[in-house]
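Residue-level listing of the chains:
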Amino acid sequence: MELINKLKAFTAALAGGLTALWGWFGWLVVAWAVSMGMDVLTGMGAALKTGKWSSAVARDGLWHKAGCIAAVSVAGLLDLVMS
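Read on for a plain summary of the structure. (Residues numbered from 1 in each chain as written. Predicted model: local features only at pLDDT ≥ 70, side-chain atom pairs only at ≥ 80, totals over all residues. Heavy atoms only, no water.)

### As for a nonpolar patch on the surface
Logical step 1: Residues Trp24, Phe25, Leu28 and Val29 make up a contiguous nonpolar surface patch of roughly 430 Å² in combined accessible area.
Logical step 2: Among the secondary structure elements, tryptophan 24 is positioned in helix H1 (residues 2–50). (Patch = residues over 30% accessible without salt bridge, like charges linked within 9 Å, V, L, I, M, F, W, Y side chains within 5 Å. Areas by Shrake-Rupley, 256 points an atom, 1.4 Å probe, with all protein chains shown as cover. Salt bridge = Lys/Arg side-chain N within 4 Å of Asp/Glu carboxyl O. Helix = DSSP H or I, 4+ residues; strand = E, 2+ residues; numbered from the N terminus.)

Right, dumping it as structure tokens:
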């Protein structure tokens, strides 16, 4: 039980420290990055399940992700400049 309490305290301290470092906007970026990763993994899983892996489709999807990353990076930079 003591180990669980120490783990909870560490997790709370880590989350609090990260929130102090980057604020609520940072958590939005983390949630967005996790969602992008899950999208890639589920797409690969669906392709493997159906047995229809296509490099062209995968490449198009990765280019789309790169575009999303560029758009969010530009928006973050503009937000930083505006503040």
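### A word on the side chain of lysine 65
Logical step 1: One can find lysine 65 in helix H2 (residues 55–82).
Logical step 2: Taking the relative accessible area as the measure of exposure, lysine 65 reaches 13% and is therefore buried.
Logical step 3: Those residues in contact with lysine 65, other than ones at most four positions away along the chain, are Met36, Asp39 and Val40. (Buried < 20%, exposed > 50% of the residue type's maximum accessible area, 1.4 Å probe, protein only. Contact = heavy atoms within 4.5 Å.)

### As for H1
Logical step 1: Over its 49 residues, H1 extends only 46 Å from the first C-alpha to the last, a length that falls short of the 72 Å expected when each residue adds 1.5 Å.
Logical step 2: The sharpest bend along H1 comes to roughly 105°, located at tryptophan 22.
Logical step 3: Here H1 has its buried residues at Gly26, Met36 and Ala47.
Logical step 4: Packed against the buried residues of H1 are H2.
Logical step 5: Just downstream of H1 lies glycine 51, where phi reads positive at about 75°. (Expected span 1.5 Å × (residues − 1). Bend = angle between axes of the 7 residues up to and from the residue.)

### Here's the deal with the layout of surface pockets
Logical step 1: In this structure, the largest pocket spans a volume of roughly 290 Å³.
Logical step 2: For the largest pocket, the lining is made up of 13 residues, of which Val40, Gly43, Met44, Val57 and Ala58 are closest to its centre.
Logical step 3: Where the lining of the largest pocket is concerned, the elements lending two or more residues are H1 and H2.
Logical step 4: Of the residues belonging to the lining of the largest pocket, the class tally is seven nonpolar, three polar and three charged. (1 Å grid on protein atoms, 1.4 Å probe; cavity = no way out; pocket = protein on both sides within 12 Å on 5 of 7 lines; lining within 4 Å. Points joined across faces, edges and corners; volume = space filled by probe spheres on them. Nonpolar A, V, L, I, M, F, W, Y, C, P; charged D, E, K, R; others polar.)

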